[in-house]
Amino acid sequence: MSNLAYARPEAPAPNQRPHIEIVATRAQRRTRPRAVYAVVTIGSLFLIFAAQLVLSIVVSQGAYQIDDLQSQQKALLRTQGALDEQFNLLSSTQHLAQNAATLGMVPNGSPRFLNLATGAVVGAPGTIDPTGCGGNCGLVANSLLTGVPLATQVAPKAQTTPQISAAGNAAPPATGNTALPATVDTLPAPVTH
Amino acid sequence: MKTRRSRRRISFAVVIAFVIVGMFMVRLVDIQVVEAASLNAASYNKRAQSLITYGTRGAIVDANGAVLADSVDRFDITASPRIVLKSDSVTLAADLAKIAAITKQDPAALMATLTASPDSDFAYLDKGVTLDVYKAVDKLDIPWIYFERRPGRTYPNGAVAGNLVGFIGTDGPQAGLELTQDKCLKSTNGSATYEKAEDGTRLPGSQVTSNDPKDGGTLQLTIDRDLQWYVQQRIAQTYQQLAATWATAVVIRIKDGHLMTVADYPSVDPNNVDGVPVTALGSLAFSTPYEPGSTMKALTAASLIDAGVATPLSQVTAPSQLELSDGSYINDAEEHGEVNYTLAGAVVESSNIAVSLFSRDLSAQKRHDYMTAFGLNSQTEVGFNGESDGDVHPANEWDERTNLAVQFGQGMTATSVQMASVYQTLGNGGVRMPVTLVAGCKHADGTVTDLPPTEGKRVVSASAAKQTLQILEQVVTEGFASADLQIPGYRVAAKSGTAQVADGQGGYGDASVISFAGVAPADDPQYAVVVTAGIPTSMYSSGAIASTFRDVMAQVLTTFRVTPSTQPAVNIPLYW
């Protein structure tokens, strides 16, 4: 480069004094906007990385939450199944019949109905069925009920026993006085849906 | 010289660099393109976790939805002896003691299980434990225990309808509806695959391929659980009183032929199959035909009236014995002189002689056709596991004695359910409805299949059926067991049967089958009941089972709230 400089003819000396001012070199001019671009680019790269990181954390957090909820659901379904099983066993006919018998209930040997619409009793009185469940209810086996206590064998809580018996003693005269139907219309009909 | 050497050096370095880069390129292409598929698969297998998702076998429920059979979760406790014995020698005994305390096992037995094959990777510590036990053992936090889910089956009502429901053994369904309706009940297991992290968590966004499990359908029966229980209870009492060898009872709804109850005694508690003899695992009412005896006289009367050869007031004079051409006799249960029976009297007094005389008025083939039209000699529409056809020989094979005996229920056989169907037909104005035990199969997607057939078939005219019931009513108002049969407020039509049992050597032994069959209310028949007991002696007549029939019928009327009769029974003269 320096050799070439000599080869050039010298510029003629200017007659007038030229206007001189300091200008930024081309290189300088080019550098300034480049820095802005770099900052923006790198900044947005960092932003993207950060966003991706946050997203990924959130997603994997969600995966753990799903996992947790799914195992919760599984456990709850199992519990529900176990409770259903217990409910079905306790509501089995054998269990209910045995309970009814130990509470002193005996089946009527003949069909007898109270017609709520007319108040009429239909069917004739029968004798207490001596061969019904009043005697022996246990002829239809259910091995699952082995060890399941009857209602009368479950020890009631100390507080509730007197209340129940008091209510049991008090209730019949109370209903006898107040709820005894004077006319057919006031018969206590069950609310059905 | 200087530049040439340096130029050579540079080009050498460039070549080396190119070679190295080239090698990497080749390897890169090899991995990324050539071997990509197999490598991906291999890595996926490392990350992927595949598991079976279980479908649930469907429940069996009664007509009101009460559960008779249900699927439950049970768990097996397993361990790897090889790993346990190596890693946990210090606390092993204590751990086993803790487990044994919960599962109520012997710790020494558990230890023996583990040490039996110390190199094995698998051993059951306990099988089929309930959720409570599972939770308690899980809480112990013993690291070497693994649980496996084992689908179980439970029958919350025990022996109630146990004869019908059947049971499931280790190899799947073994008896009853569990077996024959397996197509409805069975579930299909699914599978799922996902990629797991090191701690087992599913990787977010990982590929999941799955076949959804399919739950089995719910099988609804026509049986009423509570009635079934009562009837089983009642025939169990009868069984004990009579020292019987078996007893059955069938309750069928007249308008559509739906079975409300099919009770057998002895019968199986599906939860405890080993508790009963093998013969009690099925349903005797379907599988065991017997000579029904005089309950067949109702069918005979209906046939004769329908064919127009007799009316309830038709007359016959019964001698004390009816001599056949081979010199043998047809006798009545009680000896009598000459009696002038009407057809009604012949049925009510259950005279074999009088019924035989009436039967001669109708050809054997026609009488045979009536029997098959009533459903005899072929399985009912139920098609129960092991169901019998019963047996009515073709009319041209009947000898002189059989020709008459079939009309009072000897020399042919029928099952309890077939007899119930005969009385259903009589109660339904002569139209036989298909016998139905399964009301439908409700699938997991809500569709219902296996709906029962509803088309009836006329067997005898409505008038013939009605007149037959009027005759049968006289059994309850005037017959020998009338005191045991009457239900206050209701008109009941019934017929007794006492049949000898063939001893297998061409004759009849001591054993007999006693039964009662009938419908109520007679003026508007709703339900038919057949109770039957096989007894080893001829000590008892059908009167011994009359009160059982009455109690069952009374319970049926109560359960289904049948309104009492409004008109008194019509009297029909039995003699002339």
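For the structure itself, look to the data block above.
To start, this report covers the structure provided alongside it. Because the structure is a prediction, the values reported are computed rather than measured. (Residues numbered from 1 in each chain as written. Chains lettered and ligands numbered in written order. Predicted model: local features only at pLDDT ≥ 70, side-chain atom pairs only at ≥ 80, totals over all residues.)

### Observations regarding the overall build of chain B
Going by this rule: The helix and strand labels rest on DSSP assignments: H or I over at least four residues marks a helix, E over at least two residues marks a strand, and numbering proceeds from the N terminus. Values of the radius of gyration come from C-alpha atoms, whereas the globule rule sets the reference at 2.2 Å times the count of residues to the power 0.38. In this scheme the burial state of a residue depends on its C-beta neighbours within 10 Å: 20 or more other such atoms mean buried, 12 or fewer mean exposed, and anything in between means partly exposed; the C-beta positions come from the backbone. Here contacts are defined at the residue level, using C-beta atoms placed from the backbone and a cut-off of 7 Å between them.
Scanning chain B from terminus to terminus reveals 20 helices and 23 strands. On C-alpha atoms alone, chain B measures out to a radius of gyration of 36 Å, which is more than a quarter above the 25 Å that the 2.2 N^0.38 rule sets for 576 residues. Split into buried and exposed, the 576 residues of chain B put 46% on the buried side. Expressed as a percentage of contacts within chain B between residues at least 6 apart in sequence, the contacts between residues at least 24 apart total 73%.

### A few points about the pairing of strand E23 (residues 527–535) of chain B
Residues and elements named next belong to chain B. Defined as follows: Between any two strands, pairing holds if DSSP finds at least two bridges.
Among the nine residues of E23, nine are classified as buried, and the element is accordingly described as predominantly covered. Burial along E23 is two-sided: the residues Tyr527, Val529, Val531, Ala533 and Ile535 and Ala528, Val530, Thr532 and Gly534 are all buried. The pairing of strand E11 (residues 246–253) with E23 spans eight bridges and is classified as antiparallel. Each residue of the ladder has a partner; that of Thr248, found in E23, is Thr532. Pairing analysis gives nine bridges linking strand E22 (residues 508–520) to E23, with the strands arranged antiparallel. Across the sheet, residue Gly518 finds its bridge partner in E23, namely Val529. Counting the residues that bridge the hairpin from E22 to E23 gives six residues.

### Topic: the interface of chain B and chain A
Each side of the interface is counted separately: chain B has 37 residues, and chain A has 35 residues. At the level of secondary structure, the elements contributing two or more residues to the side of chain B that touches chain A comprise strand E3 (67–79), helix H10 (225–242) and helix H20 (546–559) of chain B. Residue contributions to the side of chain B that touches chain A peak at seven residues, all from H10 of chain B.

### Some remarks on the packing of helix H12 (residues 296–307) of chain B against helix H18 (residues 462–478) of chain B
Residues and elements named next belong to chain B. Put simply, the rule is: Axis definition: a line fitted to C-alpha atoms, limited for helices to the stretch in contact. Angles are taken between N-to-C directions and run from 0 to 180 degrees. Roughly parallel refers to an angle under 35 degrees, roughly antiparallel to one over 145, roughly perpendicular to one between 65 and 115, and oblique to any angle outside these ranges. Left-handed describes a crossing in which the near helix is turned anticlockwise from the far one by less than a right angle; the clockwise case is right-handed. In this classification, the charged set is Asp, Glu, Lys and Arg, the nonpolar set is Ala, Val, Leu, Ile, Met, Phe, Trp, Tyr, Cys and Pro, and all remaining amino acids, among them Gly, are polar.
With their axes 9 Å apart at the nearest point, H12 and H18 run at an angle of 140 degrees to one another. The orientation of H12 relative to H18 falls into the category oblique. The crossing of H12 and H18 is right-handed. Counted together, Ala298, Ala301, Ala302, Ile305 and Asp306 of H12 and Ala464, Ala465, Gln467, Thr468, Ile471 and Leu472 of H18 form the full contact between these two elements. Within the contact of H12 with H18, the residues separate by chemical class into eight nonpolar, two polar and one charged.

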